[in-house]
Each structure stands twice: as C-alpha cells, then as structure tokens.
Amino acid sequence: MASFGWKRKIGEKVSKATSQQFEAEAADDKDLADDDDANWVHATKRRKEILLEDCVKKSKELKDEGANLAENRRYREAIHKWDEALQLTPEDATLYEMKSQVLMSLHEMFPAVHAAEMAVQRNPRSWDAWQTLGRAQLGLGEIALAIRSFQVSLHIFPMNPEVWKEDLSWARKLHEQQKATKSEAVQALANEKALAQELVPDYDFESDEIVAVCAAIAEKEKALSAAKTVVIVSASGTVETVTEVENCPTTPDETLFIRAR
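Basis of the calculations
- Residues numbered from 1 in each chain as written.
- Predicted model: local features only at pLDDT ≥ 70, side-chain atom pairs only at ≥ 80, totals over all residues.
- Heavy atoms only, no water.
- Helix = DSSP H or I, 4+ residues; strand = E, 2+ residues; numbered from the N terminus.
- Buried < 20%, exposed > 50% of the residue type's maximum accessible area, 1.4 Å probe, protein only.
- Polar contact = N/O pair within 3.5 Å; in protein donor to acceptor, adjacent residues only side chain to side chain.
- Contact = heavy atoms within 4.5 Å.
- Expected span 1.5 Å × (residues − 1).
- Arc of directions from axis to C-beta.

As annotated in an unreviewed UniProt entry, the protein chain carries the name TTC33 protein and comes from Chionis minor.

Have a look at this one:
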C-alpha cells in the first residue's frame, strides 16, 4: 500500500535566477501600468480643462454679443444670447445682472427681481448685483427691501456716489411718502368713523316728550279700533256701508247680505 506524504510547494524547483527575472518583469509591467493610469488621468483632466476653457471663451463671446444687442435696444435678442451663455457658464453672476437690467427695460419686474437674486446668490460681493436687485425691487413697490439692497451695495463699495445720491436717496424719499400716505389714510378712516357716530342722534327714550308722543299714538289707535266699517253687498247687488260698534257686533241678517271687507 502506498503511503501519502506532504506535497511539494509549486515553486520549489524554480531556480533563483528565474525567480528574480520573473519579479523584475512583473515590476516593469506594474510601472508601465501605473504610467498608463497616470497618463489617462492627466489626459482626462486636460480634456476637461480644455472643454472648460472653450465654454468660458464661447460664453464671453455670447455675453459681448448680447451687450451689443442691448445697447441697440434689441433686448429680446440680448436675453437669448445671455441664456445661451448661461448654459455654458451657469455660475456667471454678471450674466444674470445684465439680464435683470434688460428685463427692467422691458417692464418685466418679477423676472428682473429673480435674475438679480440669482446674481446676488452667485456673487454676494458684487455691488452691481445688489444695486440692480434694489432697482428691481423698487419697480415692484418693495421699497423697504430696495433700501436694504442699496445699503448692502454701499457697504461693499462705500465710495459709489450713484447708489448713495440717486438710488438710496430716491428710495428713502418714496418710503417717507409711503408712510405719510398710510398715516393720512388712517386719519381719514378715523374721521369718517367719528362723523358717522355724530350723525346718529342719541335719543332719550325715557324723556317726557317721547312718552307723550307714544301716549298720543296709543289713543289714536284705540279710537280707530273702537269703530270698524264693514261693506255689505246684498244679493240684489245693493252696496251698504255699516259701522260696527265694538259693544254691539250685531249685523243684518246674513241670509240677505254677503259681507265684504
């Protein structure tokens, strides 16, 4: 019967030189693979950079074209160009700010406010965006919000005379007029209420005059109810008026007359 022993290891008969050669070739293959991976990553990154540069370049061209159209009052075409540019560079706050200005020129205040808010979100440090937002809010009648936006714009760029002398000054003037109008409306309402109360006389229903008038009306009603007039039509067609006395309600024979009140 054959006996079983331990199996020899797979590489036990491989020579040391051959093993070293295998290890060297494996190392070279690994280095080559690492180089290929590094080259692929670098190439991908470079392609992204080139694509981004192309997008920025194309976006700038569209922005400039839109600006030229806006200067020539071709506002709809300018908005179309800027919308195309925003597809390429959606984080460009300037595009939103310019779009808001053109929308205000078209008297589309709600979209103008939205575009200005987008500009502020993308670049909170842009005093231009805050100024445009304030003007759009002013167009909607949101005077308090407009004042705040102008104040933020001045906080970013304190030496801007346009915002200080024109925008903020005008907004504050409108705010004062708005408060004065509200005060006048409240005062007018109070005056109307006071006048309405004055027009309603305050009668004293327990005065002697009122009591005397009520008594006279009661006596008149009593006299009228004491005697009642009845119109009687006979069978032959004769009409007769009879006064009924309250204490003597006797009427002619009902077989001869038809009573009509």
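Following the structure, the description resumes.
### A look at unusual backbone geometry
Across the chain, the bulk of peptide bonds are trans and the bulk of non-glycine residues have phi less than zero. The residue Arg73 is not glycine, and still its phi comes out positive at about 65°. By the secondary structure assignment, Arg73 is in the loop between α1 (16-71) and α2 (75-88). Judged by its relative accessible area of 66%, Arg73 falls in the exposed class. The phi angle at His107 is positive, at roughly 60°, despite the residue not being glycine. The residue His107 is located in the loop between α3 (93-105) and α4 (109-122) in this model. Assessed through its relative accessible area of 66%, His107 is described here as exposed.

### Looking at the side chain of Ser153
Residue position: Ser153 is located in helix α6 (residues 143-156). Residue Ser153 is classed as buried on the basis of its relative accessible area of 1%. A polar contact of 3.0 Å, which involves the side chain of Ser153, links it to the backbone oxygen of Trp127. When sequence neighbours within four positions are dropped, the list of residues in contact with Ser153 reads Trp127, Trp130, Gln131 and Val163.

### Comments concerning α2
Along its 14 residues, α2 runs 20 Å from first to last C-alpha, staying within 8% of the 20 Å computed at 1.5 Å per residue. Within the span of α2, buried status applies to Tyr75, Ala78, Ile79, Trp82, Ala85 and Leu86. Along the axis of α2, the buried residues cluster in a sector spanning 120°; they form a single face. Along α2, the residues that are exposed and aim more than 90 degrees away from the buried face are Arg76 and Gln87.

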